[in-house]
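# Working through the structure, step by step
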Amino acid sequence: MTDSPATGSAHRTRTLVILGAGGDLTARLLLPGLASLLASPRGADMRLIGVDRSASTDDAWRKRVAASFAESPSKTADTVIAHTSYVQADVSDPADLARVLEAAGPDVSLYFALPPAVTLLACKALRTLDLPKGITLALEKPFGTDYATARSLNRLLQHLVPEEQVFRVDHFLGKSTVLNLLGLRFANRIFEPLLSADNVERVDIVFDEQLALEGRAGYYDKAGALIDMIQSHLLLVLAFAAMEPPASVDAEDLRGGMAQVLRATRPWKKDGTASRRARYGAGTIGRRKLPAYVDEAGVDPSHGTETLAEMTLAIDNWRWAGVPFVLRSGKALADARQEIVFTFKPVPHLPAGLHGTTTPARLRIGLKPASLDLDLMINGEDDPFELDPVALHAELQAGQLSAYGEVLASILDGDPTLSVRGDVAEQCWRIVSPVLSAWRKDAVPIDTYAAGSAGPKSWH
Ligand code: BG6
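Residues take numbers from 1 onward in each chain, read along the sequence in its written order. Restriction of local features to residues with pLDDT of at least 70 applies here, the model being predicted, together with a cutoff of 80 or more for giving and counting side-chain atom pairs; totals for whole chains, interfaces and linings are based on all residues. Water and hydrogen atoms play no part in the side-chain values, which are based on all heavy atoms of the structure.

### As for the overall build of the chain
What counts is decided by this rule: Secondary structure follows DSSP: runs of H or I at least 4 residues long count as helices, runs of E at least 2 residues long count as strands, and numbering of each begins at the N terminus. Categorising residues by exposure relies on relative accessible area from a 1.4 Å probe, with only protein chains included: less than 20% of the type maximum marks a residue as buried, more than 50% marks it as exposed, and the intermediate range marks it as partly exposed. Two residues form a contact once any of their heavy atoms are found within 4.5 Å. Residue exposure ignores everything except the shown protein chains as possible cover, and the areas themselves are Shrake-Rupley values with a 1.4 Å probe. Charge assignment: positive for Lys and Arg, negative for Asp and Glu; neither His nor the chain ends contribute. Taken as the charge centre is NZ of Lys, CZ of Arg, CG of Asp or CD of Glu, depending on the residue.
What the chain contains, in helices and strands, is eleven helices and 18 strands. Structurally, the chain occupies a C-alpha span of about 80 × 50 × 40 Å along its principal axes. By the burial criterion, 52% of the 460 residues in the chain qualify as buried. For the chain, long-range pairs separated by at least 24 residues make up 77% of all intrachain contacts whose partners lie at least 6 apart in sequence. Surface summary for the chain: the accessible area is close to 20700 Å², and the carbon and sulfur share equals 54%. The distance from the centre of the 48 positive side-chain charges to the centre of the 56 negative ones in the chain is 4 Å.

Written out as structure tokens, the structure is:
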């Protein structure tokens, strides 16, 4: 028997209840993530219950689970499929939720795979119930819809359970490539001393995708690239890239370190205008012909939603003062460039006689695929006094679990290290707020780019 860090209770079989079991997130990401965990040596001692509004049967639900588990078959997964059940319930109705909790038993994790407004209603309904002591709550992004709603959702959660029993899910914290940053920075003496304003000119965190809207207008058209990617995922990556070395990677130290650096982070210009936004027009990616974003099904052009966002940030502390951090993410782009790049300053003096065009040294950490590159200048082959660029390249192994598998493992273990702490979620909204309001006032123009291109021509 082991102790669960979240609840302090002796370990028993935990029941994972997915609220919103009929949704796209459950089928596409949660269940496959769970299957990858069950098939791994780590495994999980768990029971699964699916909950949704529509009438269905245990059998129909089992078939859906089996279909989503298909890519990672295992004996443990078969056992979970055989014992899983379905509960039809309206999650905003306290009586329905009480039935769900009774079916789940005392060691339960409620996973809200629901839109934010429905999650809020479900949390309000939970407030009227006596919750089992060992319950944990897992909430999907977006966590709130702005700074104020994130704060009030946090207050509501505080009334339900202690903070360490709240798991604000951001699957980027489960990506092995993001976690690589910790080992790279803190287990090697050769990088960490260089990563500061003394040596680094700028840091870029880029997550460009070839994927377009993929039928997600209902959510994406109200969010846009800034909220979908930068407000959540990329600011957490920035926290890992810029935080001070923590004493340990337990939930307190790691999340405390993230909160500390994010509290020091602000838009480069306080009015939010050190930012750019753009939207894709019709174009072609590989063999895929894409309509303009505004012609995609379900898009309301009056929302003015951006599909490519960039913002420059400053970190007001000793280590990073004056170094721009440029965060960018967009959809329907030519290349899926997904990396963190530390660009180093020029050397203080290049010895006279060494010639050739010098490019700055760069440390590049690839997020997909996982890789590490160090771009350097060295003496050329023919003329030993002419400098040539060289790249030291390493491919990194992908983690055993998918990002969702990693996140689910931590939820089932009751360890909140890889989930977003309440104050961190609020900081992420605070940081993007000036940009959102500058865009609302049209203080920053919205550019266009053809789907499948490298972005707006004026940005190159
Ligand atoms: C999701 C965003 O959170 O992350 C998507 O909503 C994005 O728009 C996705 O495509 C990117 O993460 P991954 O792991 O699927 O590359």
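Still to come is the rest of the account.
### Section: empty space enclosed by the protein
Rolled over the atoms, a probe as big as a water molecule pinpoints where empty space is left. Quick reminder of the rule: Lining residues are those with an atom within 4 Å of a point, where the points come from a 1 Å grid over the protein atoms alone and group into cavities, where a 1.4 Å probe fits but cannot get out, or pockets, open sets with protein on both sides within 12 Å along at least five of seven lines. Grid points are joined across faces, edges and corners, and a volume is the space filled by probe spheres set on the points. Gly is placed with the polar residues, together with every amino acid not listed as nonpolar (Ala, Val, Leu, Ile, Met, Phe, Trp, Tyr, Cys and Pro) or charged (Asp, Glu, Lys and Arg).
In this structure the tally under the stated criterion is two cavities of 30 Å³ or more. Looking at the largest cavity, its volume works out to about 140 Å³. Lining the largest cavity are 15 residues, with Phe143, Asp170, Ser232, Val420 and Ala425 positioned closest to its centre. Elements with a contribution of two residues or more to the lining of the largest cavity: helix 8 (217-242) and helix 11 (422-440). For the lining of the largest cavity, the residue count by class is nine nonpolar, two polar and four charged.

### With respect to the environment of Ala297
With respect to the helices and strands, Ala297 occurs in the loop between strand 11 (288-290) and strand 12 (308-315). As a C-alpha pair, Ala297 and Ile340 span 43 residues in sequence and 33 Å in three-dimensional space.

### A look at helix 1 (residues 24-39)
Inclusion rule: Multiply 1.5 Å by the residue count of a helix minus one, and that product is the helix's expected span.
Helix length check: helix 1 (16 residues) gives 22 Å between terminal C-alpha atoms against 22 Å at 1.5 Å per residue, within 8%. Three or more residues of helix 1 are buried, namely Leu25, Thr26, Leu30, Leu31, Gly33, Leu34, Ala35, Ser36, Leu37 and Leu38. Those residues of helix 1 that are buried lie in contact with strand 1 (14-19), strand 2 (46-52), helix 2 (58-69), helix 3 (75-83), strand 4 (108-112) and helix 10 (403-413).

### Comments concerning the nonpolar core
One recurring pattern in soluble globular proteins is that nonpolar side chains are buried together. Let me state the cut-off plainly: The set of buried Ala, Val, Leu, Ile, Met, Phe, Trp, Tyr and Cys residues whose side-chain atoms join them within 4.5 Å is what this entry labels a nonpolar core.
The biggest cluster of nonpolar side chains holds 108 residues, and the ones touching the most others in it are Leu110, Phe112, Leu137, Trp320, Phe325 and Phe342. With 17 residues, helix 8 is the single largest residue contributor to this core. Setting aside anything within four residues of it in sequence, one finds Trp320 in contact with Leu195, Ser196, Ala197, Val200, Val203, Ala241, Ala242, Ile315, Phe325 and Phe342. The next biggest cluster of nonpolar side chains, apart from the first, holds 31 residues, and it includes Trp61, Phe69, Val169 and Val407.

### A closer look at a negative patch on the surface
Stated precisely, the cut-off is as follows: Residues qualify for a patch when their relative accessible area is over 30% and they have no salt bridge, like charges being joined within 9 Å and the nonpolar side chains of Val, Leu, Ile, Met, Phe, Trp and Tyr within 5 Å. By salt bridge we mean one thing: a side-chain nitrogen of Lys or Arg within 4 Å of a carboxyl oxygen of Asp or Glu.
Taken together, the side chains of Glu164, Asp250, Glu252 and Asp253 define an acidic patch exposed on the protein surface. Considering the arrangement of structural elements, one finds Asp250 in the loop between helix 8 and helix 9 (251-263).

### Some details on the layout of surface pockets
Estimates place the volume of the second largest pocket at around 520 Å³. Around the second largest pocket, the lining comprises 19 residues; the ones closest to its centre are Lys345, Pro346, Val347, Pro360 and Ala361. When residues in the lining of the second largest pocket are grouped by element, the largest group, three residues, is from strand 16 (residues 370-379).

### Some points on the site of the ligand
So the rule is basically this: To be near a molecule or strand, a residue needs just one of its heavy atoms within 4 Å of it. Polar contacts, as counted here, are pairs of nitrogen or oxygen atoms within 3.5 Å of one another; within protein the pair requires one atom able to donate a hydrogen and one able to accept it, and residues that are adjacent in sequence qualify only if both atoms are side-chain atoms.
In the vicinity of the ligand, the residues found are Lys141, His171, Phe172, Lys175, Phe207, Glu209, Arg216, Asp228, Met229, His233, Lys331 and Lys368. Arg216 is positioned with one of its side-chain polar atoms (N or O) 2.7 Å from an oxygen atom of the ligand. Lys331 is positioned such that a nitrogen or oxygen atom in its side chain is 2.8 Å from an oxygen atom of the ligand. Considering the ligand on its own, with 390 Å² of exposed area, one finds that the protein chains cover 82% of that surface. Ranked by residue count, the leading element in the shell around the ligand is helix 8, at three residues. Within the shell around the ligand, the residues separate by chemical class into three nonpolar, two polar and seven charged.

### Let's talk about unusual backbone geometry
Cis geometry marks the peptide bond from Lys141 to Pro142, where omega comes out at 0°. Structurally, Pro142 can be placed in the loop between strand 5 (136-139) and helix 6 (147-160). In this chain, Lys368 is followed by Pro369 through a cis amide linkage whose omega measures -5°. Relative to the assigned elements, Pro369 resides in the loop between strand 15 (362-367) and strand 16. In this structure, Glu214 is a non-glycine residue whose phi angle is positive, near 50°. Position of Glu214 relative to the elements: it lies in the loop between strand 7 (200-208) and helix 8. Its relative accessible area of 43% is what places Glu214 among the partly exposed residues.

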